Amino acid sequence: MDVAFGRLEDVPVRILTGTFVILLLVSWLARSLHRGIAIRRRIRQLSSHSIPVMQPHSFILGHLPILKALGSGLPKDAHPGYISERLIAEWKTYFPKEDTCPPVIYLDLWPFFPQPIIYVTSAEACYQLTQGNPQPRHPMFRWALTPATEGKDLISMACTSMSTHKLWRSLLNPGFSSRNLIASMPVLLEEVLIFTNMLKDAAGSDGNWGTMFTVYDKTIRLTFDVIARVALGLRLHEQTSGPGPLFQALSNVIPLVKMDTLWNRAERLLPKYRKITSVNGKIMRDALLPQIERSAQSHGDDAGTIVDLALKDLQVKSNGGKTTQLTPDLVDTIISQIKFFLFAGHNTTAQTICWTLYEVNKYDNVKEALRAEHNEVLGADPCRAADTLRSQPYKIKELRYTTAVVKETLRLHALSETFRQGTPGFHFKIDGKSFPTEGCMIQTNPVIIHLREDLWPRPKEFLPERFMVPEGHALHPAKNAWRPFEMGSMRCIGEELAMMEIVLCLVFTVRELEFDFDWVGWDKLHDRSEPPEYVNGQRGYRCGDGVGHIKDNLPCRVKERMLPA
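Report follows, based on the coordinates. Predicted model, so just to flag it, every value in this text is computed and none were measured.

Quick notes on the rules
Residues numbered from 1 in each chain as written. Predicted model: local features only at pLDDT ≥ 70, side-chain atom pairs only at ≥ 80, totals over all residues. Heavy atoms only, no water. Salt bridge = Lys/Arg side-chain N within 4 Å of Asp/Glu carboxyl O. Helix = DSSP H or I, 4+ residues; strand = E, 2+ residues; numbered from the N terminus. Buried < 20%, exposed > 50% of the residue type's maximum accessible area, 1.4 Å probe, protein only. Pairing = 2+ DSSP bridges. Core = buried A, V, L, I, M, F, W, Y, C linked by side-chain atoms within 4.5 Å. Axes fitted to C-alpha atoms, helices over the stretch in contact; angles between N-to-C directions. Phe/Tyr/Trp six-rings, centres within 6.5 Å; stacked < 30°, edge-to-face > 60°. Lys NZ or Arg CZ within 6 Å of the ring centre and 35° of its normal. Contact = heavy atoms within 4.5 Å. Polar contact = N/O pair within 3.5 Å; in protein donor to acceptor, adjacent residues only side chain to side chain. Parallel < 35°, antiparallel > 145°, perpendicular 65-115°, else oblique. Left-handed = near helix turned anticlockwise from the far one by under 90°. Disulfide = S-S within 2.5 Å.

## Some words on the pattern of salt bridges
Following the criterion strictly, the structure yields 33 salt bridges and no others. A salt bridge links K152 to D329, with the nearest nitrogen and oxygen atoms 3.1 Å apart. Pair noted here: K152 is in the loop between helix 6 (139-149) and helix 7 (154-160) and D329 is in helix 17 (residues 328-360), with a separation of 177 residues, a long-range link. Residue classification places D329 among the partly exposed positions, given a relative accessible area of 48%. Through salt bridges that share partners, D364, K367, E368, R371 and E514 make up one connected network.

## Considerations on the pairing of strand 5 (residues 427-430)
Here strand 5 shows a clear split, with F428 and I430 buried on one side and none of H427 and K429 buried on the other. As defined by bridge partners, strand 5 adjoins strand 6 (residues 433-436) across four bridges and the pair is classed as antiparallel. For K429, the partnering residue across the bridge sits in strand 6 and is S434. In textbook terms, the turn of a hairpin is the stretch between consecutive antiparallel strands, and for strand 5 and strand 6 this stretch comprises two residues, one of which, D431, has a positive phi near 50 degrees.

## Brief notes about the nonpolar core
Core analysis: the largest hydrophobic core is formed by 149 residues, its most contacted members being F428 and F508. The element best represented in this core is helix 17, accounting for 16 residues. Counting six residues, the second-largest nonpolar core is a separate cluster that includes L74, Y82, V535 and C543.

## Some points on the sheet that holds strand 4 (residues 418-421)
On the basis of which strands lie adjacent, the open sheet formed by four strands has the order 1-2-7-4 and mixed pairing. The sheet is open, and its two edges are formed by strand 1 (104-107) and strand 4, each paired on a single side. Neighbour-to-neighbour, the strand axes of this sheet turn through a mean angle of 25 degrees, independent of strand direction. Bridge count between strand 2 (residues 117-120) and strand 7 (residues 441-444): four bridges; the pairing is parallel. Residue pairing across strands places V120 opposite T444, the latter belonging to strand 7.

## With respect to the packing of aromatic side chains
The full count for this structure, using the stated rule, is 13 aromatic pairs. With a centroid separation of 5.4 Å and 5 degrees between ring planes, the pair formed by Y363 and F462 is classed as stacked. With Y363 in the loop between helix 17 and helix 18 (364-378) and F462 in the loop between helix 21 (446-450) and helix 22 (495-507), the pair connects residues that are 99 residues apart, well separated along the chain. Y363 sits in the partly exposed class, given a relative accessible area of 26%. A residue is classified by how much of its surface remains accessible, and F462, at 8% relative accessible area, is buried. Look at W482 and F485: their rings are 6.2 Å apart centre to centre, the planes differ by 65 degrees, and that puts the pair in the edge-to-face class. Through a chain of ring-to-ring contacts, three or more aromatic side chains come together here, namely W355, Y358, F515, F517 and W519. When the ring centre of F213 is taken as origin, the NZ or CZ atom of K218, which lies over that ring, is 5.4 Å away. Above the ring of W143, the side-chain terminus of R268 is found at 3.5 Å from the ring centroid.

## Some thoughts on the environment of R458
You can see R458 is positioned in the loop between helix 21 and helix 22. Its relative accessible area of 45% is what places R458 among the partly exposed residues. Discounting residues that sit within four places of it in the chain, R458 has contacts with L463 and R466. Of note is the side chain of R458, whose polar atom sits 3.0 Å from the side chain of E461.

## Let's talk about the packing of helix 11 (residues 215-232) against helix 22
Remark: helix 11 packs on helix 22, axes separated minimally by 12 Å, with the N-to-C direction vectors making an angle of 135 degrees. By the angle class used here, helix 11 and helix 22 are oblique. In terms of crossing hand, the pair formed by helix 11 and helix 22 is right-handed. Note on element contacts: helix 22 touches helix 11 through L497, E501 and C505, opposite L222, T223, V226, I227 and V230.

## Brief notes about the environment of N553
Looking at the secondary structure, you find N553 in the loop between strand 10 (549-550) and strand 11 (555-560). Taking relative accessible area as the criterion, N553 reaches 22% and is therefore assigned partly exposed. What N553 contacts, discounting residues up to four positions off in sequence, is T214, V215, Y216 and D217.

## Quick look at the state of the cysteines
Scanning the model with the defined rule gives zero disulfides in all. In this model C543 remains outside any disulfide bridge; the closest cysteine sulfur is found in C354, 12 Å from its own. Taking the relative accessible area as the measure of exposure, C543 reaches 1% and is therefore buried. C556 forms no disulfide, and the closest cysteine sulfur to it belongs to C354, at a distance of 9.3 Å. Judged by its relative accessible area of 0%, C556 falls in the buried class.

## Section: the environment of P424
Along the polypeptide, P424 turns up in the loop between strand 4 and strand 5. C-alpha of P424 to C-alpha of S72: the two residues are 352 residues apart in sequence and 36 Å apart in space.

## What about the side chain of H346?
With respect to the element layout, H346 can be found in helix 17. In this structure the side chain of H346 is engaged in a polar contact, spanning 2.4 Å, whose partner is the backbone oxygen of L342. There is a polar contact of 3.2 Å between the side chain of H346 and the backbone oxygen of F343. The residues touching H346, leaving out its near neighbours within four places in the chain, are I220, T223, F224, L250, I254 and F341.

Below, the structure is given as structure tokens:
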């Protein structure tokens, strides 16, 4: 008897499609499992080369159980950075055979991360990674930033082409130079005074406390207004009439800026993702393009913003000073750079302003020292401080203690970190040991280093004096140990702008206002009955993922301070 197999076209399409999908899934699972086994074996092999490995290390779960244990007891909304802090504080538990905390720690978190992660825990290792032999940024950065910047920004360039990154860094540096920022003092003062006047308006009458509000909502609009003006000369009035379309559009895509994981890759396949990035990308482009065209048409005559100076320099480098042609690729790149500055330049600075006010408010001696310095440098009348800085903007450089307060805040609340790609040719060399990096994602977490007792005496105390004592003093920071903006050729380009904004916020608040960061009152206002949550004994802790935010956006009341006669 003959057996009739039938023809291929007789098989229903849905069966063929289903079979194809199943084969793809099986193939993907097989490759993923093969990778996972390779990672597990590699971590095990490190021990045979006398490299410390966290224990226990499960061949089934890797180091995931350790992370779960480290996160135990933290509030559900606590930032994952606290897990890193606990790891360093409890390192002896996981490295029982070691006498000191390893300079780098290998983490096996497959399948959540497709590569081993190397936590850099020492200042020397950070130096080797970012300064001594700078390693390229991890491609994950470009992937993560694509929803917000479309991958043509300065950070993304460092993931794909260091020569392109070097060119654009040189074009953008003049706009962020100390000289240009000092020249931008009137702009900074105008925006910071709007912020501080809004705080004063929130104070009660006759020296009484005002009603509750959240500080972060105000700082985020301040810093967005500042970076838009400094970068592009764009006056947005977010503080007084926001949220505007540019702010809202960027806010809509920021939640999509995530690490490259299996779940996040799946999210980007959804129609919702494409709709959000397409609609909001067009809104941002429509808001930015006219200002870029005006800047290009000015021929650099009114150069002052970051984009003005970049285009002027580009004219000189590319065609001898003639007008730069705004090609589609150049326009896309400039828009990408601006969106990155808006993204990176407002959230971290806004949050640091909150943390600075929060820390300063704990210590009467710090407040008094700040007030004394402001009286000495800017005059005894706080109402004259703005006029003094307009006429003598370099006075801001004389506020050494104020700057030290901001630096100490950033030591305890560093918000940024860097991820670099491990390579076959790069090994950490520490105390005679070689630590390979090939196939690993290398992560620096400044707070890990900022809390090490061997680098920072009394690391949990708030001591601005660390940054004022001479070299050789017991409190003087160890070399390469303060890294909130990271270091090396890819150091945060906006560091000085951020520092100036935060210093100015202290100048115009500390002498005239008292702050009460009142979570008890906030709980009552919102009828919260559940027990309050703490991290390190503080109601004020960092929440969320990524840069995150301060708990409840920093609830606060203010009152006017009685000035001495």
